[in-house]
Structures are given as structure tokens and as C-alpha cells.
Amino acid sequence: MVPATAVAGAIVFGMANGAIAASFAVSGQTFKVSASTLEGKGFTQYGGLAKEKNGTVHPVAVSAIDEAKLYDLCQSVKVPGMPVVLTINAGGGGTPATAQGLLIDMDSLEGDAVFKNIKIGRDASDLEPTAQAGSFGQSADEVKITGLKQVARSTSAGTFALTGLKLKVNVGADAKECF
């Protein structure tokens, strides 16, 4: 589910359309995302790096999805060293959250996936001009992941519509993450 957008000029345009990786410093903290189902059109995936402001670099799997629908979306982030978890829920009741130009930098992904017209082993630089030439990439016309569980470092999108948004700060015994 994840991390799409921005640098200057033409790069801003490419990122808003999910074509170019976002260029911003990550916090260094991961967050969890789950969804009962993710349906996407225009899927690419390749290796990348997420960089913190202090220079620490994290290898990540970069997933870009041109158009995504997320059903029963949950996002959670735990406050380090405290029994506090911020949760965001959206896309319930059969009306999905939607994203255009979704770009996710992730550490892990789980679920049952079906890809349509997948091409595995593509040169990543053919999928993303800033990716290292010769590195591994894959693409598919469509992707459907059920039981999505993802640990991510960043997510961006040209547009992210969170239908039925519920944000809550959970403290103590109620401070549970999405999974």
C-alpha cells in the first residue's frame, strides 16, 4: 500500500503521477498499514533508499500505484518509549479510500496478491529514471492484495481521499497498532 510525488518542475509532475520517487527526509520511524483489500492499476516496484535528515539511510522496497482503492484502511504509528499509538481508519463500509499517484517506501509487505500482466526482472531504471540502472524491478497492469499488512517508512500521493476518516490517539491498554 504506500509510497508518490514531488521535486521541482518536471519532477513534481512526475511524482504527482507516481512516476518519480518522493524526495524528502523520512523520520526514521516506521508505521503500519493494513487493509482488507487493495486494488490498484499501474503497479511498479523496485529497490530504493529512504534517507533521514541526519543522513541515516534505509534500504526499502518502493511500490508505485497509479490508481489505488483501499478497503478498511488502518494506519498506525507508535510513539517510541510510550504507550501511545496514533491510528487513522478510513475506507470502511464498502466505500474505499482512494489514491492517485501512490508511492510507498516499505520495509515489509504481507498478503495474498494477484497481478495482471506482470513483468518480473525488469531494469528498475526503466520503471523509475532515478533508480539504479541494472537493479531489479517489476511491473503489472493491475494488482489486488487481500489481507494487506505493510510496514512503511513513507507514503505520498498526488491525491489521497480518506472516506470516513477517523483519527484517534490511543493511550495505555487501548494503544494497539493495526496489527
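To keep things clear, this report deals only with the structure shown in the data block. Since this is a predicted model, take the numbers as computed values, not measurements.

So, how was this worked out
Within any chain, residue numbers begin from 1 and follow the written order of that chain's sequence. Local features in a predicted model are, by the rule used here, given only for residues with pLDDT of at least 70; side-chain atom pairs are given and counted only at 80 or more, and totals for whole chains, interfaces and linings are based on all residues. Only hydrogens and water are removed before side-chain values are computed, so all heavy atoms of the structure are retained for them. Disulfide assignment relies on a single distance test, namely cysteine sulfur atoms paired within 2.5 Å. Helix and strand labels come from DSSP, where a helix needs a run of H or I of at least four residues and a strand needs a run of E of at least two; each type is numbered from the N terminus. Burial status follows relative accessibility: with a 1.4 Å probe on protein chains alone, a residue under 20% of its type maximum counts as buried, one over 50% as exposed, and anything between as partly exposed. Positive residues here are Lys and Arg, negative ones are Asp and Glu, while His and the chain termini are left out of the count. We define a salt bridge as a contact between a side-chain nitrogen of Lys or Arg and a carboxyl oxygen of Asp or Glu at a distance within 4 Å. In this analysis, two residues are considered to be in contact whenever any of their non-hydrogen atoms come within 4.5 Å of each other.

### A few points about the state of the cysteines
Scanning all chains against the criterion turns up one disulfide. Shown here is the disulfide that connects Cys 74 with Cys 178, its sulfur atoms set 2.0 Å apart. Negative torsions about the S-S bond denote left-handed disulfides, and the value of about -80 degrees found for Cys 74 with Cys 178 makes this one left-handed. Of this pair, Cys 74 sits in strand S3 (residues 73–78) while Cys 178 is found in the segment after strand S9 (166–171), placing the two residues 104 residues apart along the sequence. Judged by relative accessible area, Cys 74 falls into the buried class, the value being 11%.

### Points about the side chain of Glu 52
Among the structural elements, Glu 52 can be located in the loop between strand S1 (31–51) and strand S2 (57–71). It is Arg 153 that comes nearest to the buried, bridge-free Glu 52 among opposite-charge side chains, at 5.1 Å. Beyond its immediate chain neighbours, meaning those up to four positions away, Glu 52 contacts Ala 25, Val 26, Ser 27, Gly 28 and His 58.

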